[in-house]
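Coordinate analysis (summary)
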Amino acid sequence: MPSPKCQQICGILLAAIGLLILIVTLSGQKPLLTYIDNLIKTQVHLSPGTETYDNWQTPPVSIYDDIYLFNITNPIEFNKGEKAILEPVGPYVYQKYEIKKQANFSGDLKYAMYYDYLYFVFSESETQKHNNNTSLNDVIFIPNVPLLTVVSQIAHNSLIPAAVKTTLEELVAVYEHAEGLDYLTLNGTVQDILWGMSDPIMSILHSLKLAPSPQFALQTNGSTDANAMILPTVVYTGHTDIAKVDEYHLFHGRNSSGCWGSNAANTINGTEGSMFEPLLIYNKTKTLTIYNEQLFRSVDLVFTNESSYEGIDCYEYRIPDWALQNVTNNPTNVAYYAWKYSGMLNLTACAQNVPLYITKAMFLDADVRLRENITLSVQANKTLHDTFLCVEPYTGVVVNGHKRVQINVQMEHHSTTGILNETQPAFIPLITVDEHGSITPELADKLKSALLVPIHVMHIGFYLLCAFGTGLVLVSVIIQVVIVSNKCRQEEEDKEVLVPAEEEETDNKSGYVSDNSEKQRPHVV
């Protein structure tokens, strides 16, 4: 067994080695993390030749729109003033393609510029996965949106010339006095209602320059903005400021939507929603912002919880309740004309006075009064109907997401015309769109092997080295404790041996003779 002195030296050496490992590991952590952070930043900004730029220009993930239309199942009764009974039909699934044409960079690589082209292709296979009974030839009934638009123009558009207003009033009178005409509804195939159908009212509105097309359609197959192929979209590359990567500088040549009630509300901020600044791992509560062309506004997203998708840890972000609250609950929303119920966005001013309102799907998180004057067969479900983005926190890339919106049209009584006075005032759903996309298993494996696994290995290695160094120090402490303990025990044993010897010596001096000594007493002669 080694001598105590040898044990003590070994303990001191172990402590020194352990402390050295801890010092080197802890002091080297920050430079190593900085190196990895900088490496990530160089990989995720939009620069020619990077994989991020290639994926940005030609996304490797398929984006689909699951579209549900709301069919009025009691059109005759509805035209007589009864509540609309609504049944969502679908989904009709379309693949969304967004092409960035003529992409190029500014001289300092601060901006990327391109012309944006958007179109949709019907996916029979994806549609059949959900419901093999749906067809684009399905016939449905919806509210007469063109007529409601005319009524809204008469009631709210103070800028139209008097002659135009008179024409609209005469048009409404024709419908109001027509016998046996079910003028409160439109019917057509899903194909026609989605992408375009002839309508006499729309033809008149178009001739009066109050509508962009003589046809009625709920969707546009192509960019909704006429400037998309004329004026470029400009985004930050992140080359000079990684926190701004993919954020809009100009959207179709402008930095303002121009239809809201303040400069702040009109300002176009945020990204298009497929990527955000990297390294959210250090600031997951940061508010993310996207700009949505269909909503004509920027929308904030806040962190709600940690999640995972395809084995990749991610942060989930959702639209906060205050974003869609009315002015009573959130006075700052006065700029978005939020005078009615909470849980909805008033698009009337942005949609050329068409009385359209955006809500979450199935009125999720909206005022319960929105359901009072309609009968809707489906109840809201947060899992099925909420918008969320699942963001990988190191790269800022969205690995899974659903953007779900519902478009509703308002029917209300107006003092300027009595054509709707016999109806039930209501916000009637027209369409729900669930735009979704997710990383494929192959791309997930590639991301994990190229970036996430090395990062995790580095973190595991750091903790293992810290544990090893701490273990050596603890072993050294234990050795020192054992040495001290042995020394104390040896001293106690030495004391126990020394005390009896002293007592015996004392007894002999006092004349005491032990039994043994008595037996050995010599004979007297």
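Structure: see above.
First, a word on what this report is: a plain description of the structure on this page. (Residues numbered from 1 in each chain as written. Predicted model: local features only at pLDDT ≥ 70, side-chain atom pairs only at ≥ 80, totals over all residues. Heavy atoms only, no water.)

Focus on the state of the cysteines
- Here the structure, examined in full by the defined rule, presents 2 disulfides.
- What pairs with Cys-259 in a disulfide is Cys-350, and their sulfur atoms sit 1.9 Å apart. Given an S-S torsion of about 80 degrees, the disulfide between Cys-259 and Cys-350 has right-handed geometry. Taken together, the residues Cys-259 in the loop between strand 9 (248-250) and helix 9 (263-266) and Cys-350 in the loop between strand 13 (344-346) and strand 14 (356-359) connect sequence positions 91 residues apart. Note on accessibility: Cys-259 and Cys-350 belong to one class, buried.
- Paired by a disulfide, Cys-314 and Cys-390 hold their sulfur atoms 1.9 Å apart. Taken together, the residues Cys-314 in strand 12 (residues 312-318) and Cys-390 in strand 16 (residues 388-391) connect sequence positions 76 residues apart.
- On the basis of relative accessible area, Cys-314 is assigned to the buried category, the value being 1%.
- By sequence-ordered numbering of the bonded cysteines, the protein has its disulfides arranged as 1-3, 2-4. (Disulfide = S-S within 2.5 Å. Helix = DSSP H or I, 4+ residues; strand = E, 2+ residues; numbered from the N terminus. Buried < 20%, exposed > 50% of the residue type's maximum accessible area, 1.4 Å probe, protein only.)

Some words on the packing of helix 6 (residues 162-176) against helix 8 (residues 200-207)
- Taken N-terminus to C-terminus, the directions of helix 6 and helix 8 make an angle of 175 degrees; their axes are 12 Å apart at the nearest point. Viewed along their axes, helix 6 and helix 8 adopt a mutual orientation that is roughly antiparallel. Between helix 6 and helix 8, the contacting residues are Leu-168, Leu-171 and Tyr-175 on the first element and Pro-200, Ile-201, Ile-204 and Leu-205 on the second.
- Looking at the contact of helix 6 with helix 8 residue by residue, the classes come out as 7 nonpolar, no polar and no charged. (Axes fitted to C-alpha atoms, helices over the stretch in contact; angles between N-to-C directions. Parallel < 35°, antiparallel > 145°, perpendicular 65-115°, else oblique. Contact = heavy atoms within 4.5 Å. Nonpolar A, V, L, I, M, F, W, Y, C, P; charged D, E, K, R; others polar.)

Quick notes on helix 8
- Considered for burial, the residues of helix 8 that qualify are Ile-201, Met-202 and Leu-205. Taken end-on, helix 8 shows its buried residues confined to a sector of 95 degrees, consistent with a single buried face. Facing away from the buried side of helix 8 by over 90 degrees, the exposed positions are Pro-200 and Ser-207.
- For helix 8, the elements touching its buried residues are helix 5 (145-156), helix 6 and strand 7 (215-216). (Arc of directions from axis to C-beta.)

What about the side chain of Thr-432?
- Relative to the assigned elements, Thr-432 resides in strand 18 (residues 426-438).
- A distance of 3.2 Å separates the side chain of Thr-432 from the side chain of Gln-406, its partner in a polar contact.
- If we skip the residues at most four places from it in the chain, Thr-432 touches Asp-66, Ile-67, Tyr-68, Phe-70, Ala-361, Val-405 and Gln-406. (Polar contact = N/O pair within 3.5 Å; in protein donor to acceptor, adjacent residues only side chain to side chain.)

A few points about the packing of aromatic side chains
- According to the stated counting rule, one finds 19 aromatic pairs in the structure shown.
- Both rings, one in Tyr-53 and one in Phe-105, keep their centres 5.2 Å apart while their planes meet at 50 degrees; by these two values the pair is tilted. Of this pair, Tyr-53 sits in helix 2 (residues 51-57) while Phe-105 sits in strand 2 (residues 84-105), and the two are 52 residues apart along the sequence.
- With centroids separated by 5.9 Å and ring planes inclined at 70 degrees, the aromatic side chains of Phe-303 and Tyr-317 adopt a geometry described as edge-to-face. (Phe/Tyr/Trp six-rings, centres within 6.5 Å; stacked < 30°, edge-to-face > 60°.)

Remarks on the environment of Gly-343
- Structurally, Gly-343 can be placed in the loop between strand 12 and strand 13.
- Assessed through its relative accessible area of 6%, Gly-343 is described here as buried.
- With 14 residues separating them in the primary sequence, Gly-343 and Tyr-357 have C-alpha atoms 10.0 Å apart.
- Once you skip the residues sitting within four places of it in the chain, Gly-343 turns out to touch Leu-324, Gln-325, Ile-358, Thr-359, Lys-360, Asp-365 and Ala-366.

Concerning the packing of helix 5 against helix 6
- Where helix 5 meets helix 6, the closest approach of the two axes is 10 Å, and the angle between their N-to-C directions is 135 degrees. Taken together, the axes of helix 5 and helix 6 lie oblique to each other. In this structure, helix 5 crosses over helix 6, and the sense of that crossing is left-handed. Contacts from Val-150, Val-151, Gln-153 and Ile-154 in helix 5 reach Lys-165, Leu-168, Glu-169, Leu-171 and Val-172 in helix 6.
- The class makeup of the residues in the contact of helix 5 with helix 6 is 6 nonpolar, 1 polar and 2 charged. (Left-handed = near helix turned anticlockwise from the far one by under 90°.)

Overview of the pairing of strand 18
- The buried count for strand 18 comes to 12 of 13 residues, which makes it a mostly enclosed element.
- Bridging between strand 1 (residues 63-72) and strand 18 involves 6 bridges; their strand directions are antiparallel. Paired with Ile-67 across the strands is Val-433, a residue of strand 18.
- For strand 17 (residues 398-411) and strand 18, the ladder comprises 12 bridges, and the chain directions are antiparallel. Bridged to Gln-406 within strand 18 is Thr-432. (Pairing = 2+ DSSP bridges.)

Thoughts on unusual backbone geometry
- For the bond from Gly-90 to Pro-91, the omega torsion is 5 degrees, close enough to zero to count as cis.
- Within the secondary structure, Pro-91 is located in strand 2.
- One non-glycine residue, Leu-109, lies in positive phi territory at about 60 degrees.
- Locating Leu-109 in the fold gives a position in the loop between strand 2 and strand 3 (111-122).
- The backbone of Lys-209 shows a phi angle near 60 degrees, a positive value even though the residue is not glycine.
- Note that Lys-209 resides in the loop between helix 8 and strand 7.
- According to the relative accessible area criterion, Lys-209 is exposed, its value standing at 72%.

Details of helix 6
- The terminal C-alpha atoms of helix 6 lie 21 Å apart, and with 15 residues this matches the ideal 21 Å at 1.5 Å per residue to within 8%.
- Looking at helix 6, one finds that the buried residues are Val-164, Leu-168, Leu-171, Val-172 and Tyr-175. The buried residues of helix 6 occupy an angular sector of 95 degrees when the element is viewed end-on, so they sit on one face. Exposed residues on helix 6 whose side chains face more than 90 degrees from its buried face are Ala-162, Ala-163, Glu-170 and Val-174.
- Buried-residue contacts for helix 6 involve helix 5 and helix 8. (Expected span 1.5 Å × (residues − 1).)

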